[in-house]
Amino acid sequence: MAASSNRSLWRVVTGHSALRDHALIERELRDSLTRLREGVAYYRPPCPASEKKIRDGGKLKGNKLTLVLEISSHLQLDQEQAPDLFEGFLINAHLGTLGELRERVRSEGGRREVVEEVASYYHSERLHLLRCLKHMLGFWQDPNHPFRDVYSVCIGEITKDEKSFIKSLWSQYQAAVDNDLPSQLSVSEETQWSVQRLVEQVELLEAILLYYKDFVHEGAELVCHAQQLWKNGCGLRQSCPVSLVDGAELLQRHIGHLCSLILVESLDLESILAHLEDPGCLEDHHLLKSDSSSEVEQLDNLFSKWGDQDCLTPVLLSWALLQFAKQQSHTDLEDVRLLGNRALSGGVFQYVRCLLGSPFFSRERPVGGACRSVLHALLALALSQFSDDSLGDRQDLVAIASLTLTHPPLRLQFWDQGLSVGVGLLVNSSLSHFPSSSSLTSLLLSLAGDQVSAGHVWQLLASLPRFTEKLPHREIGTQVKVVTADEGEAPMLKVIKPRSFYTSEARWLGLHGVVLGNGVCGEVWEGWEGEELVSWPLPHSVSGWDLLALEIVRLLQTCPLDSSTDVLVARVTGSIRLVTQLVKSDWSLAAELHHITSQAFSMVQRFAALPRPPTTLLASCVSCLAVMATNNTAETWLTLGQTGFLPYLSSSLPPSHDNLECLSVAPGNYGQLLKMAECPEGGYPVTMAMLDLLATTCLPGNSVVLREQLATVIYIMREVFLSCHKWKFKLRSGRRQLELGLLRFCHDTLQRHRDSPFSLGVVVATQLLSCPGEQGLLPLLSLPVSTLNSLHSAALGTSSVSPAVESVRLSLSILNLLLHAPPTQQSSLLEWNLANTYPHIVSNIASYIYHYGDSRIPIGATAVLTRLCQATPLSVFSCLGTDAVVKRDVFISRLSSRVEEEELKRGVLGLLTEAVSLQPALAELFLSVQSSSSQGQVKYSLGDSSCLHAVMKIVSSPSSPPLLPPSLHLLRSLWHGRRDAVLHALRGIPSFWKNVTTPLSDPPSFSSHKPSKRSGLPMDLFSESSPEELTNQMMAACHVMHIVAMEMYYVIQDKLDDGLQSILKDFVSKDGIKNWNECLLYPAKDVSQSSTAVLQAQHQLVIGWKTFLMVATSNQPALFGFTSPSSHPSPSHPSPPTHIITDIVCAIESQLAAPVSMPTVAMATELSLLMMVLIKKWKSNLPGSEVGDLIGQFSHMMSHVVRLDSTQASSLCLHLYTSAHLLLSLSHANKGLLQKLYRDKTSYFGG
């Protein structure tokens, strides 16, 4: 069965669903193949035949038929598809009850509102369908994508008929441009439809671009499509009114970008670049073949008629480069030069630079990678065929190269090609201007993005052969002289008196200075800006990295900073950024670059105290120190604290949990810079860098809290977190970015330090819990879910996550952590605000269950609601307000969904479990039990809206083992709370007990080799299963044991359900008790290497088994065969009491023989209590031959108990000695053993 909606299909395709198995995803795609192949053409226009068919079908009547026909008419949708769309809307998007919907559709106005809601859902479905197709086209050739094989199969099926598929995409695009809007639309509806048309055009053009990335665009089709795009004005000509639509201009500009990229990609410049050295191979190009001359002529005529629209300039330049490569052996290149000059005069590289900066082409998206590849090929071919000084402004070329080289495949391609072709020529040219220009550091910064490239970058400057300076006019004739050059050669300068460069700077660093001896010659040439430069050979003792360090020291020795030093400041800033990226990509280079990174401390100390500090440079320095602190945290913080930059504690009180509010913090130079420079300017680069530095305190291994860190965190929380909402921001996105950085810091700190008695996490938690409601997390969580959905939908076209969506997600996670482990036991101001001042925030948090775009949002919201049920006296049901029923339905719908993520389902089940235990009103809302009277008896059944339908579906399904434990835990809470009406309804479900008790019939499998029970050696627990599988299996069995135990305890023996009695008899007949007893014999081999969750689950299993056996022996002894001992017990066939007690004794001995840990001691204690109870109950039935053996084993167990301290073993010893005395009280016991046990006892307790 295919996904019920395109949104569900999108979540399956992108891996954000419960379906992770390749076979399941492939089946899902196969079922949806028709939709994917046809795209939005899958939705057909209305026709009379379909209307007649739906009217005569009889399935739709009355108001529903009227509503469906209105939907069809309004959406211009086939009448037969309208009912399916409406059903999908009810399941996936309707925020209300069916009763409310029936009332609304009775009036014309109500139907109109419903139709508008369905229209929004319909638009979303169309976009999600296109995004599914686009996602697979983007990753089906990516070898690193986990679903690549699945995507390849699906794309192979879709593109079996390539021409038909791509022709359909072009037809859908043209339809989105030409089709008129429906009539009788309101102003808001017209805006919605217009934006929808533009977004659909964007999605279709992006899919087309990704298609041509892997498939050839044939010449005849290229001519047709180029004419089509030109006719449409590359997005400017639209049939719908978009002139007054907010955001339409941005979308239209993006459409123009895509039109340009599609045409440039279709020219396949990469193959031309690859065969420039061998012109004969160019004939293999699909447009340079002899049989393509007609198409080439048509394209040439078309491009020559194009106007000066900026989005056409890359196409004109690409066509000129293609024609130049084809005709460079001919003399007639006038037309080609004319076309190229038109592109250059139209600002082609300025346009390309702007295009690459568009948020639609972010690096995370496949479209962004395709865009960078296309434009990199364009730039590389232009640089290979023409000199860089003939292509316009060099800064544009450097910026384009830097932006494209951020794409990892292009970086690897760059190093493979070298510096003699393409963008390598630009890097080589920049090397000739080093260090007088910052172009090289900008290019190398993009190339240093991974470890391999970082090594190449370091080697490039480490072996730098030459350096450049401006022509020294004053020294000509005294230290250098001009050497006359031959005609056609560049003039030379010759050193006649030794020259030294960076003398004082080299002395500062302890490096060798740059000294040019007599006779050294340098080449004189003209620089980029027309200035005369000299290129000198660099001494072998000095590297390019040394020159960067010397430049930094020169800046440090310059005082004061003014406009004349801006160029030097910019160069040093670029150098620091480059070194930071290198060390970040490859830490092994840190030692080689230490003489540069260590200067960051000096620059922070020197420049942070200036009246007008260079904030960009300081931010780069702090970012560099943040990277260094990832491996040298303490050293970096202590050294930075000595510079006076960091805030510091100005009070003499020793910091502790109790006096945090009393600690006074001096701002340091950073605080002064924040107040005097960043806040007035509205930009906060240093503060953002400080947050990166603070993030290093959350790295594993950084458990020691330094005073510098403590003071900085307190200052950031007091002066930044609580005040930033009042600050000025020169960029609209600046506020969101700063909020996001603060939230990430708070979240990471709380998560890393939440278990420490006093840590940075305590500082953050204390501040967050005590801040006023209008300054903390609560305003961020007041964002309506409708706004959240809109922001997420808009962000899908630009980047992976919207800042607002990420802020809400982090706020939910932080609130959950705060409620989970508050620093004090008293009610905090945050909890008081939630319960009294801002109860509507709880309702808004619950409404995040409506958000389907990012599953982390509803998962976080569910976790917060669960914690509110546990940690506060708040009535969650009362906070939900009038929408309680609607929200309940959505929670249950997502719990029942086949494709919903398991983490969210576990969260919902956890919320329901806590509601049953602590929130009676909320529990009644979800359980929804109905009662009916028949012949004087009240019968209970589950209502249609009960959550238990979904729970029982999970319990009865063999395909959801991770969800089985929380589902059974919910059922266990019903028995624990004695909800008799619900229990009565559950018992009436067919096969209820069979489904619930299934885990009892399947104990975990053991290793084939088992040591002796009495050996006392630690043994492997469940050798063939993963820790997650073991945990799920044991917890499911634990909950079942508790459920059955409580059922046997509360229900009279002769009234126990017949089905349950049959199951328990079968359990006894198959040696179920013996098999589960054996599970307790196998503790984890090594506690330090075992999963903590497995040990905790085993502990819970022991408690469940103890409860199960104690109730079974007390309330149902006949059912389990415990009424009397076996008539002829023997060592090979002992009586039931004997073999059960023997197995428990062996289990205790095995647990005590394992490495000492809290879980193993706790399990041994629980088992000893069970043993004591059973011995007391069955002591008269134990054969005399077994008593002595049991007492002997007690003495052996005490040898293990002596390893434990008294706090761990007090209860354990009490149970063991009580059991021993019970056995010794028997007349047939060996009284001689009593003295030995007494000696063991007195020696353990110290007499």
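Calculation rules
- Residues numbered from 1 in each chain as written.
- Predicted model: local features only at pLDDT ≥ 70, side-chain atom pairs only at ≥ 80, totals over all residues.
- Heavy atoms only, no water.
- Helix = DSSP H or I, 4+ residues; strand = E, 2+ residues; numbered from the N terminus.
- Contact = heavy atoms within 4.5 Å.
- Areas by Shrake-Rupley, 256 points an atom, 1.4 Å probe, with all protein chains shown as cover.
- Buried < 20%, exposed > 50% of the residue type's maximum accessible area, 1.4 Å probe, protein only.
- Expected span 1.5 Å × (residues − 1).
- Axes fitted to C-alpha atoms, helices over the stretch in contact; angles between N-to-C directions.
- Parallel < 35°, antiparallel > 145°, perpendicular 65-115°, else oblique.
- Left-handed = near helix turned anticlockwise from the far one by under 90°.
- Nonpolar A, V, L, I, M, F, W, Y, C, P; charged D, E, K, R; others polar.
- Pairing = 2+ DSSP bridges.
- pLDDT = per-residue confidence, 0-100.
- Polar contact = N/O pair within 3.5 Å; in protein donor to acceptor, adjacent residues only side chain to side chain.
- Phe/Tyr/Trp six-rings, centres within 6.5 Å; stacked < 30°, edge-to-face > 60°.
- Lys NZ or Arg CZ within 6 Å of the ring centre and 35° of its normal.

## Overview of the overall build of the protein chain
Next up, step 1: What the protein chain contains, in helices and strands, is 58 helices and 11 strands.
Next up, step 2: Look at the contacts in the protein chain between residues 6 or more apart in sequence, and 73% of them connect residues 24 or more apart.
Next up, step 3: If you sum the accessible surface of the protein chain, you get close to 53,600 Å²; carbon and sulfur atoms cover 51% of it.

## Regarding the environment of Gly641
Next up, step 1: With respect to the helices and strands, the residue Gly641 is situated in helix 31 (residues 633–642).
Next up, step 2: Judged by relative accessible area, which is 27%, Gly641 ranks as partly exposed.
Next up, step 3: Each C-alpha atom of the pair Gly641 and Gly668 lies 9.3 Å from the other, and the pair is 27 residues apart in sequence.
Next up, step 4: Apart from the residues lying within four places of it in its own chain, the contact partners of Gly641 are Leu646 and Glu708.

## Here we look at helix 47 (residues 964–976)
Next up, step 1: Over its 13 residues, helix 47 runs 18 Å from end to end, which matches the ideal 18 Å to within 8%, given 1.5 Å per residue.
Next up, step 2: Across the 13 residues that make up helix 47, a large majority, 11, are buried.
Next up, step 3: Among the residues of helix 47, Leu964, Pro965, Pro966, Ser967, Leu968, Leu970, Leu971, Arg972, Ser973, Leu974 and Trp975 are the ones counted as buried.
Next up, step 4: Once helix 47 ends, the next one or two residues include Arg978, with phi positive near 55°.

## Structural notes on the packing of helix 19 (residues 366–385) against helix 20 (residues 394–404)
Helix-helix packing is characterised by the crossing angle of the two axes and by the distance between the axes.
Next up, step 1: Here helix 19 crosses helix 20 at 140°, and the two axes come no closer than 9 Å. Taken as axis vectors, helix 19 and helix 20 run oblique relative to one another. In this structure, helix 19 crosses over helix 20, and the sense of that crossing is left-handed. For the pair formed by helix 19 and helix 20, the contact residues are Arg372, Leu375, His376, Leu379 and Leu383 on the first element and Leu397, Ile400, Ala401, Leu403 and Thr404 on the second.
Next up, step 2: Broken down by class, the residue content of the contact of helix 19 with helix 20 amounts to 7 nonpolar, 2 polar and 1 charged.

## What about the sheet that holds strand 7 (residues 532–537)?
Next up, step 1: Spatially, 5 strands are ordered 1-7-6-3-2 in an open sheet, and the strand pairing comes out antiparallel. Only two strands of the sheet have a single neighbouring strand rather than two, namely strand 1 (466–470) and strand 2 (480–483). On average, adjacent strands in this sheet sit at an angle of 30° to one another, irrespective of strand direction.

## Concerning helix 19
Next up, step 1: For helix 19, which comprises 20 residues, the first-to-last C-alpha distance of 29 Å matches the rise-based estimate of 28 Å (1.5 Å per residue) to within 8%.
Next up, step 2: In terms of residue burial, helix 19 counts as a mostly covered element, since 18 of its 20 residues are buried.

## Details of the confidence of the model for the protein chain
Regions with low pLDDT carry predicted coordinates that are not meant to be interpreted in detail.
Next up, step 1: Averaged over all residues, the pLDDT of the protein chain equals 85, while 90% of them reach at least 70.
Next up, step 2: A low-confidence stretch, residues 1124–1133 (pLDDT under 50), is modelled with 7 contacts involving residues beyond four sequence positions or located in other chains.

## Re the environment of Pro498
Next up, step 1: As for its position among the elements, Pro498 is in the loop between strand 3 (492–495) and strand 4 (499–501).
Next up, step 2: Spatially, the C-alpha atom of Pro498 lies 5.5 Å from that of Asn518, the residues being 20 residues apart in sequence.
Next up, step 3: When sequence neighbours within four positions are dropped, the list of residues in contact with Pro498 reads Gln479, Leu516 and Asn518.

## A closer look at the packing of helix 20 against helix 22 (residues 423–431)
Next up, step 1: Packing of helix 20 against helix 22 leaves a shortest axis separation of 11 Å and a crossing angle of 120°. Taken together, the axes of helix 20 and helix 22 are oblique relative to one another. Both helix 20 and helix 22 take part in a crossing whose hand is left-handed. Across from Arg394, Leu397, Val398 and Ala401 in helix 20, the residues of helix 22 making contact are Val423, Leu426 and Ser429.
Next up, step 2: Among the residues making up the contact of helix 20 with helix 22, the classes are represented as 5 nonpolar, 1 polar and 1 charged.

## Some points on the side chain of Glu469
Next up, step 1: You can see Glu469 is positioned in strand 1.
Next up, step 2: Exposure remark for Glu469: the relative accessible area of 15% places this residue in the buried category.
Next up, step 3: A polar contact is formed between the side chain of Glu469 and the side chain of Arg499, at a distance of 2.7 Å.
Next up, step 4: Only 2.9 Å separates the side chain of Glu469 from the side chain of Trp536, close enough to count as a polar contact.
Next up, step 5: Among residues more than four places away in sequence, those in contact with Glu469 are Arg499, Phe501, Leu533, Val534 and Trp536.

## Observations concerning the packing of aromatic side chains
Next up, step 1: Per the counting criterion, the structure on display carries 28 aromatic pairs.
Next up, step 2: Taking 6.1 Å as the distance between ring centres and 75° as the angle between the ring planes, the aromatic pair formed by Phe891 and Phe926 counts as edge-to-face. Here Phe891 is found in helix 43 (residues 884–896), whereas its partner Phe926 is found in helix 45 (residues 920–927), with 35 residues between them in sequence. Here the two residues Phe891 and Phe926 agree in accessibility, since each one is buried.
Next up, step 3: Taken together, the ring pairs connect Trp140, Phe165, Tyr211, Tyr212 and Phe215 into an aromatic cluster.
Next up, step 4: Note that Arg7 overlies the ring of Tyr852, its terminal NZ or CZ placed 3.9 Å from the centroid.
Next up, step 5: The ring centre of Tyr1050 lies 3.9 Å from the NZ or CZ of Arg978, which sits over that ring.

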